[in-house]
Amino acid sequence: MELYYERLEEKGKRKADLRFIIDVILLFRPGIIRPAEGHKNLNNYGMYKSHFKTSWRNLIRNKGYAAINIVGLTLGITCSIVLFLIVKKGNSYDKYHAKGDRIYRAVTKSKGNEGFKYTQGIPVELPDALKEDISGIEEVAFTSYRRGSLISVYSNGQVKKYEEPKGLAFTEPSFFKLFDRKILIGSAAKCLDDPHEAIISQKWALKYFGKSDPVGELVEYDNVQYKITSVMEDFPDNTDLPFDLLLSYATVKIPPGKNGWSGISDGDNCYFLLKGGQSIASVEAQMPAFVKKHMGDDSDEAEIAFIMQPLHAIHSDSRFGNNGTKLPIESQIAFSIIGVFLLITACINFINLTTAEAIKRVREVGVRKVLGSSRRQLVSQFLIEAFTITILATLVSLGAVQLALGFLNPMMEFSLSLNLFSDSKVLLFLLALVIVIAFLSGLYPAWMVSGFQPVLALKNQMSSGKNSSGYVLRKGLVVFQFFISQFFLITTIILTRQMDFLQNHETGFSKEAIITVSIPKQRITPEARAANIHALKNEVLRLPGVEDASLNYSPPSNNSVLGSDFSMVGSDKNYNMQFKQADGDYIKLYDIKLIAGEPLPDLDSLTCIVVNEKFVKTAGFATNEEIVGKEVSMWDRKLTVKGVVKDFNTQSLGKAIEPVVLFNDVNGYQNLSIKLNMARMTEAVEKIEKTWKEKYPEFIFSYSFVDEQVKNLYRGERKMASLLNAFTIIAILIGCLGLLGLVAFIANRKTKEVGIRKVLGASVESIIFLFSKEFGKLILIAFALSAPLAGFVMHKMLQKFAYKIEIGPSIFLTGLIFSSLIVFITVGYRSFKASTANPVKSLKTE
């Protein structure tokens, strides 16, 4: 072939082809004809073994190049595995139930003042009516979840108290007919049949009683005792039914017709099991008539409806809550895209570095071709090298994932684990990951290098200049890498600013130096309870370090919201509103601004109300003063509006302000809010605890700061922001690794050029500029592509917040400056080394 190329240059193609044909004919001998099966005897094992040895030697010889490739791939693979575990976990919730495909949850959709509202809660009348009226339903199970429960345990003549943040649930025997939760001790058929029965999990049995069989023991909740009749297995960590203690609903069940269909609590959930062969569409078709029957002829499907939610969709449906954490489908899609982006970034590193490094190996390729290696064999050799690096990176990643989960699980409240050999999905994902990455990142470099012409390769005349296809491709890949990095950076800046905005936005009330102390439920008369809590408040007010105190249902903002309807007297139009029971010191303590009329009086009974500005606008009044003195119809009562306060946020800033009513009701007070002098805070809290325990010796004292409660409203968003920050840093780090390798390659190629420039008087700055200007152009191109997309995505994301930042030019400018700074530091470091090298040595290199 070498002779052919020489004739091609000297005598032209026609003569070179003719001489080539003649040479082939002259070379022909009968003895060189091999049997057809001869190729089957080739030693493929030996060839692949040789490829592995060569790959390993190349890695050892080029440690820097190998390290950059392995570290980059390790970061990408580690993040992909973690994100896969997160998404896989989110998708696995309650899919293990044998009848899961027939289990649904009835949830409520109702029309509010401004659009529809969704809640997982249902009227307590619904479950029995559903089973009775709707055909196609085999079984119905009701659960009433009670968070933050105080449980008393009677064991060996002693009483122990446990405050359980995750709470407990009241339910019916049918619970075990729907869900796969094994009864380990006792009878599944008879459990929870009668009032005052309880089923406890193995974990809590050991925790409360120190033994696995506490059947016959007593637990007390809400001043009522329950006898343990059964022990159930612990719930898995991928369930939205995380109950360790189930109490018989028959104990607290309200007689039918007493509560009506108007009251809805998000803790009351209704699950049902479809009969085999029935479709959910047949149930949904019966619901309009069902609603009219039980909620009256005036009820309209456009005003209220009960939606049938599949069990497996509960964990990912952002419209409805559940009994624990959630992973909305939008987050799952975002995590999947982030994982793919990080992998692509890592693969781009690999392609860029391998194609750049391949230029050094043209002579090796030329020799192999002259010795008879086919292109297929050369491709397989370079692919084996890619597989070797990918497998090494994957092995390192497995250790990195274990380390990452140790930090990630407690920080993000996850329960992820990497079970490689017991989880076939993880194993398949890893195998697919290795194959895809190795082919994705190794195929192009292998194909490019194997295509070198042997003569040019042996003369080291391969094109690596600016016009070569490899050079253009590498630039395109670098632009794509910058595009991904800048997309992450801009979205992170927007999300961080939004979180800062939410944390610091004016909520309309003071939350500094205020603590809330819960008021326990006692088995005493309402009058005695009222006297007790007033006495507690008065005694607390006399303590040093206490500036003010107020009895109320809840602080202005928290997760617990009570809602109902109201209408102005003389009008038939109903509106939704939220209400809060509070005493006369509530407005003063929380520094809620009174803008019309008078503040709430300090009474125990409901006689008048104070409303917010939104209430005034919703009721149709032009000014706040107009509504003062008017009567509002609520719960068949006529209540006079005493005053108007400025709007304040009752929930997170993700939700708009609703009409709010404040009124006195001693029976609704569940908290004592206390404003402290922070200089004497420790002393004050100790004395408050002592005073509280004197009133409630049988209960556990606890308190929390209101500002912490408000911060917790954004816990989900903060977790997402932290995770996105981490992935952004990793994306930038991978990009920097690739850049470092690429600049090192360019510096090596330009060693002689740099030496000549220095001899001719070029300064260090001008040489650094020579290296940097090319990457500056690529950054600008990537920014022009990523900024509009990042802005569009984050604009859509911010729509779920009622209060949000404006996405202005400063955000994009910050992203561009920050990414440019990182790139120029990376490029500058290597180019500075090249520019300060001794020119004499540089000129001797070639």
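Residues numbered from 1 in each chain as written. Predicted model: local features only at pLDDT ≥ 70, side-chain atom pairs only at ≥ 80, totals over all residues. Heavy atoms only, no water.

Undergrad: I'd like a rundown of the environment of P288, residues and numbers included.
TA: Tracing the sequence through the fold places P288 in helix α8 (residues 280-295). Assessed through its relative accessible area of 32%, P288 is described here as partly exposed. The spatial distance from the C-alpha of P288 to the C-alpha of L543 is 58 Å, given a sequence separation of 255 residues. (Helix = DSSP H or I, 4+ residues; strand = E, 2+ residues; numbered from the N terminus. Buried < 20%, exposed > 50% of the residue type's maximum accessible area, 1.4 Å probe, protein only.)

Undergrad: Please provide a residue-by-residue account of helix α19 (residues 681-695), values included.
TA: Between its first and last C-alpha, α19 extends 21 Å over 15 residues, near the 21 Å set by a 1.5 Å rise per residue. All buried positions along α19 are accounted for by A684, V685, I688, T691 and W692. In a view along the axis of α19, the buried residues occupy a sector of 130°, so they form one face of it. Exposed residues lying more than 90 degrees from the buried face of α19 are T682, E686, K690 and E694. Buried-residue contacts for α19 involve β14 (514-518), α15 (526-541), β15 (546-552), β23 (671-676) and β24 (703-705). (Expected span 1.5 Å × (residues − 1). Arc of directions from axis to C-beta. Contact = heavy atoms within 4.5 Å.)

Undergrad: Any chance you could break down the pairing of strand β19 (residues 608-612) for me, citing the residues and the numbers?
TA: Burial within β19 is extensive, with 5 of its 5 residues counted as buried. Here β19 shows no split at all, with C608, V610 and N612 on one side and I609 and V611 on the other all buried. As paired elements, β19 and strand β22 (residues 660-663) share 3 bridges and run antiparallel to each other. Paired with V611 across the strands is V661, a residue of β22. (Pairing = 2+ DSSP bridges.)

Undergrad: Lay out the packing of aromatic side chains with the relevant residues and their values.
TA: Summed over the entire model, instances satisfying the criterion amount to 31 aromatic pairs. Where F170 meets Y221, the ring centres are 6.1 Å apart and the plane angle is 55°; that geometry is what we call tilted. Note that F170 is positioned in strand β6 (residues 168-171) and Y221 in strand β9 (residues 218-221), a separation of 51 residues in sequence. For the ring pair Y696 and F699, a centre distance of 6.5 Å and an interplane angle of 75° mean the geometry is edge-to-face. Under the relative-accessibility criterion, Y696 is labelled buried at 0%. According to the relative accessible area criterion, F699 is buried, its value standing at 14%. Here a set of aromatic residues connected by ring pairs shows up, and it is made of Y145, F175, F176, F179, F243 and Y271. Over the aromatic face of F509 sits the side chain of K511, whose NZ or CZ is 5.9 Å from the ring centroid. (Phe/Tyr/Trp six-rings, centres within 6.5 Å; stacked < 30°, edge-to-face > 60°. Lys NZ or Arg CZ within 6 Å of the ring centre and 35° of its normal.)

Undergrad: Pulling in residues and values, what's your account of the sheet that holds β23?
TA: Strand order in this open sheet of 4 strands is β15-β23-β14-β24, and the pairing throughout is antiparallel. Each edge of the open sheet carries a strand with a single partner, namely β15 and β24. In this sheet, adjacent strand axes meet at a mean angle of 25° when their direction is disregarded. Where β14 meets β24, 3 bridges bridge the pair, whose relative direction is antiparallel. Its bridge partner lying in β24, T516 is registered against S704. (Axes fitted to C-alpha atoms, helices over the stretch in contact; angles between N-to-C directions.)

Undergrad: Just give me the short version of the side chain of S550, but keep the residues and values in it.
TA: Here S550 lies in strand β15. For S550, a relative accessible area of 0% puts it in the buried group. A polar contact is formed between the side chain of S550 and the side chain of D583, at a distance of 2.8 Å. When sequence neighbours within four positions are dropped, the list of residues in contact with S550 reads K537, D583, D585, Y586, L589, N671, L672 and S673. (Polar contact = N/O pair within 3.5 Å; in protein donor to acceptor, adjacent residues only side chain to side chain.)

Undergrad: Quick one: what's the story with the environment of C270, residue by residue and with numbers?
TA: Note that C270 resides in strand β12 (residues 268-274). Each C-alpha atom of the pair C270 and I134 lies 14 Å from the other, and the pair is 136 residues apart in sequence. Apart from the residues within four sequence positions on either side, C270 is in contact with Y104, R105, A106, I122, L126, P127, L130, V140 and A141.

Undergrad: Quick rundown of the pattern of salt bridges? Include the residues and the values.
TA: Under the definition given, this model contains 21 salt bridges. As a salt-bridge pair, D23 and R7 come within 2.9 Å of each other at their nearest N and O atoms. Taken as a pair, D23 in helix α2 (residues 13-27) and R7 in helix α1 (residues 2-11) lie far apart in primary sequence, 16 residues in all. By relative accessible area, R7 is classed as buried at 13%. In this structure, the salt-bridge partner of E217 is K211, at a minimum N-O distance of 2.9 Å. A relative accessible area of 36% places K211 in the partly exposed class. (Salt bridge = Lys/Arg side-chain N within 4 Å of Asp/Glu carboxyl O.)

Undergrad: An account of a negative patch on the surface is needed here, citing residue identities and associated values.
TA: Taken together, the side chains of E2, E6, E9 and E10 present a region of like negative charge at the surface. Considering the arrangement of structural elements, one finds E2 in helix α1. (Patch = residues over 30% accessible without salt bridge, like charges linked within 9 Å, V, L, I, M, F, W, Y side chains within 5 Å. Areas by Shrake-Rupley, 256 points an atom, 1.4 Å probe, with all protein chains shown as cover. Lys, Arg positive; Asp, Glu negative; His and termini not counted. Charge placed at Lys NZ, Arg CZ, Asp CG, Glu CD.)

Undergrad: Help me get a handle on the nonpolar core, residues and values and all.
TA: Within the largest apolar cluster, 108 residues are counted, with the highest numbers of intra-cluster contacts made by I81, F482, F488 and F775. The residues touching I81, leaving out its near neighbours within four places in the chain, are S397, L398, V401, L418, F429, L430 and L433. Counting 41 residues, the second-largest nonpolar core is a separate cluster that includes V140, V153, I228 and V283. (Core = buried A, V, L, I, M, F, W, Y, C linked by side-chain atoms within 4.5 Å.)

Undergrad: Got a sec to walk through the packing of helix α4 (residues 63-91) against helix α11 (residues 375-412)? Specific residues and values, please.
TA: Packed helix pairs are specified by the crossing angle of their axes together with the interaxial distance, meaning the distance between the axes. It is at 7 Å that the axes of α4 and α11 come closest, and there the two elements cross at 50°. By the angle between their axes, α4 is oblique relative to α11. Between α4 and α11 lies a crossing whose hand is right-handed. Residue composition of the contact of α4 with α11, by class: 17 nonpolar, 6 polar and no charged. (Parallel < 35°, antiparallel > 145°, perpendicular 65-115°, else oblique. Left-handed = near helix turned anticlockwise from the far one by under 90°. Nonpolar A, V, L, I, M, F, W, Y, C, P; charged D, E, K, R; others polar.)

Undergrad: Describe the environment of A549, and please don't skip the residues or the numbers.
TA: Looking at the secondary structure, you find A549 in strand β15. A relative accessible area of 0% places A549 in the buried class. With 98 residues separating them in the primary sequence, A549 and D647 have C-alpha atoms 22 Å apart. In contact with A549, not counting residues within four places along its chain, are K537, L541, D585, L589, L672, S673 and I674.

Undergrad: Let's hear about a positive patch on the surface: which residues, and what values?
TA: Taken together, K11, R14, K15 and R19 make up a surface patch of like positive charges. When residues of the positive patch are assigned to their parent elements, the largest contribution, 3 residues, is made by α2. Its location among the elements puts K11 in helix α1.

Undergrad: How would you summarise unusual backbone geometry if you had to cite specific residues and measurements?
TA: Note on backbone geometry: most residues besides glycine have negative phi, and most peptide bonds are trans. Although it is not a glycine, L192 sits at a positive phi angle of roughly 65°. Following the sequence through the fold, L192 ends up in the loop between β7 (183-185) and β8 (197-201). Within the chain, H196 stands out as a residue other than glycine whose phi angle is a positive 65°. The residue H196 is located in the loop between β7 and β8 in this model.

Undergrad: Which residues make up the pairing of β23, and what values do they have?
TA: Across the 6 residues of β23, 5 count as buried, placing the element largely inside the fold. As paired strands, β14 and β23 are joined by 5 bridges and run antiparallel to one another. Considered in β23, the bridge of I515 is made with I674. Two elements, β15 and β23, share 6 bridges in a ladder whose sense is antiparallel. What sits directly across from A549, in β23, is I674.

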